[in-house]
Amino acid sequence: MKDKTTVITIKQMKAEGKKIAALALYDFAMASLADRAGVDIVLVGDSLGMTFQGEENTLKVTMDHMAYHTRAVRKGTARALVVADMPFMSFRLGARQTLENAGRLVAEGAEAVKLEGVESLSDSIRELIAAGIPVMGHLGLTPQSVNTLGGFKVQGQGVEAERKLIDDARRLEDTGAFSMVLECVPMNLGAEIASKVQIPVIGIGAGPYCDGQVLVANDMLGLSEGHTPKFVKEYADIAKVAHDAFREYTKEVRGGEYPAEKHSYASPPRRLKAL
Ligand code: KIV
């Protein structure tokens, strides 16, 4: 078995030119599967607001939700690095509350936290790191800013927007963040940012030239009900497998085929006689 992955391993991977594979997931079973498959980072993403809770965006996800899912994911993870998302507003109300919230996720098993943006957050990020909590940044399409961005749209288009993203990536690196997610930007910008910072840039919809990739496990398993973004590759159609199994089960229950005697418990003869 490979050694436990830490934030140091993740940084070394970039230095050694090794690509990082990350998945966003939310429960014990998925975490165990991903861990055994050799994924480097399991991210307890606040995308659970959409994929798990059926909301339109991530804004209703709370610290309680993240703590609950972080605990479950950590229990299923032996080797991968566990990173937990800080939900909407949980890192915007001052350094003390940011520390308290991040500390709670660490207590539930996170080995690092991820937070969206960098503007006006540099001090909070530095405080987290000083307190022993590694930080992963998140730039580009930051879903918690969906109302400011006017929807889930490709970011970093045009010279000004490109320059700002490159500056933000450098600023994030300066805070001491150990890596960053870069979401939904043109692939040449993904490549440019990955080449301009020393820390790993983990892309999602940011092209093949980033230092690693992250996908939402539900999306790549064909489990995202509804819209699948262009950047998602469906590696399996679990929705079809589950749908067919549920239909077959329903048919067999109605037809009296399930359960058969082999799925049932028999009473010991002694007990039956005594009745
Ligand atoms: O919440 C999430 O799942 C994420 C990934 C999409 C990177 O932030």
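Residues numbered from 1 in each chain as written. Predicted model: local features only at pLDDT ≥ 70, side-chain atom pairs only at ≥ 80, totals over all residues. Heavy atoms only, no water.

Is there a simple way to explain helix α2 (residues 28-37) in this structure?
Side chains that are three or four residues apart share a direction in an α-helix, a result of its 3.6 residues per turn. The complete set of buried residues in α2 reads Ala-31, Ser-32, Ala-34 and Asp-35. After α2 finishes, the residue Gly-38 shows a positive phi value of roughly 95°. (Buried < 20%, exposed > 50% of the residue type's maximum accessible area, 1.4 Å probe, protein only. Helix = DSSP H or I, 4+ residues; strand = E, 2+ residues; numbered from the N terminus.)

What am I meant to see in the site of the ligand here?
If you check the shell around the ligand, you find Ala-24, Leu-43, Gly-45, Asp-46, Ser-47, Asp-85, Lys-114, His-138, Val-181, Ile-204, Val-214 and Val-216 and nothing else. Side-chain polar atom of Ser-47 to an oxygen atom of the ligand: 2.5 Å apart, as the coordinates give it. A distance of 2.8 Å separates an oxygen atom of the ligand from a polar atom in the side chain of Lys-114. When isolated, the ligand has an accessible area of 260 Å², and the protein chains bury 95% of it. Considering only residue class, the shell around the ligand consists of 6 nonpolar, 3 polar and 3 charged. (Near = heavy atom within 4 Å. Polar contact = N/O pair within 3.5 Å; in protein donor to acceptor, adjacent residues only side chain to side chain. Areas by Shrake-Rupley, 256 points an atom, 1.4 Å probe, with all protein chains shown as cover. Nonpolar A, V, L, I, M, F, W, Y, C, P; charged D, E, K, R; others polar.)

Got a minute to help me understand the pattern of salt bridges in this structure?
Where side chains of opposite charge bring their charged atoms close, a pairing between them can arise. Counting across every chain of the model gives 16 salt bridges. In this structure, Arg-104 engages Asp-64 in a salt bridge whose closest nitrogen and oxygen atoms are separated by 2.8 Å. With a gap of 40 residues between them, Arg-104 in helix α5 (residues 95-107) and Asp-64 in helix α4 (residues 63-75) connect regions that are remote in the sequence. The class for Arg-104 is partly exposed, based on a relative accessible area of 34%. Look at the salt bridges and you will find they share partners, linking Glu-119, Lys-164, Asp-168 and Arg-171 into a network. (Salt bridge = Lys/Arg side-chain N within 4 Å of Asp/Glu carboxyl O.)

Looking at this structure, how should I read the environment of Glu-100?
With respect to the helices and strands, Glu-100 occurs in helix α5. What makes Glu-100 partly exposed here is its relative accessible area of 48%. A sequence separation of 34 residues divides Glu-100 from Pro-134, and the C-alpha atoms of the two residues are 14 Å apart.

How do you make sense of the pairing of strand β4 (residues 112-116) when you look at a structure like this?
Each regular strand carries side chains that alternate between the two faces of the sheet. Counting buried positions over the 5 residues of β4 gives 5, a clear majority of the element. Pairing of strand β3 (residues 81-85) with β4, which is carried by 3 bridges, proceeds in the parallel orientation. Looking across to β4, one finds that Ala-84 is bridged to Val-113. In this fold, β3 hands off to α5, which returns the chain to β4; that crossover is right-handed. Note that β4 and strand β5 (residues 135-140) share 4 bridges and pair parallel. For Lys-114, the partnering residue across the bridge sits in β5 and is Met-136. (Pairing = 2+ DSSP bridges. Right-handed = clockwise from strand over helix to strand, strands pointing away.)

What should I look at first to understand helix α11 (residues 238-254) in this one?
Between its terminal C-alpha atoms α11 stretches 24 Å, which fits the 24 Å expected from 17 residues at 1.5 Å a residue. Positive backbone phi, approximately 75°, marks Gly-256, located one or two places after α11. (Expected span 1.5 Å × (residues − 1).)

Is there a simple way to explain the sheet that holds strand β6 (residues 179-183) in this structure?
The 8 strands lie next to each other as β1-β2-β3-β4-β5-β6-β7-β8, forming a closed barrel whose pairing is parallel. Along the sheet, successive strands turn relative to each other by an average axial angle of 25°, direction set aside. With respect to the sheet, helix α8 (residues 159-175) is in contact with β5 and β6, its orientation differing from that of β5 by roughly 175°. (Axes fitted to C-alpha atoms, helices over the stretch in contact; angles between N-to-C directions. Contact = heavy atoms within 4.5 Å.)

What is the right way to look at the side chain of Asn-57 in this model?
Of note, Asn-57 is situated in the loop between α3 (48-51) and α4. At 3.0 Å, the side chain of Asn-57 forms a polar contact with the backbone nitrogen of Leu-59. Once you skip the residues sitting within four places of it in the chain, Asn-57 turns out to touch Gly-49, Met-50, Val-146 and Phe-152.

Which parts of the structure should I look at to understand the domain arrangement of the protein?
Interface size, as often reported, equals the accessible area lost upon joining of the parts. When the domains of the protein are assigned, the result is domain 1 (7-236) and domain 2 (242-274). Once you take the C-alpha centre of each, domain 1 and domain 2 turn out to be 45 Å apart. (Domains from an automatic or database assignment.)

Just checking my understanding: could you explain the pairing of strand β1 (residues 20-24) for this structure?
Within β1, 4 of the 5 residues are buried, leaving the element largely enclosed by the surrounding structure. Two strands pair when backbone bridges link them, and β1 and strand β8 (residues 212-216) are joined in this way by 5 bridges, in the parallel orientation. Residue pairing for β8: Ala-22 is matched across the bridge by Val-214. Pairing geometry for β1 and strand β2 (residues 41-44), over 3 bridges, is parallel. Paired with Leu-23 across the strands is Val-42, a residue of β2.

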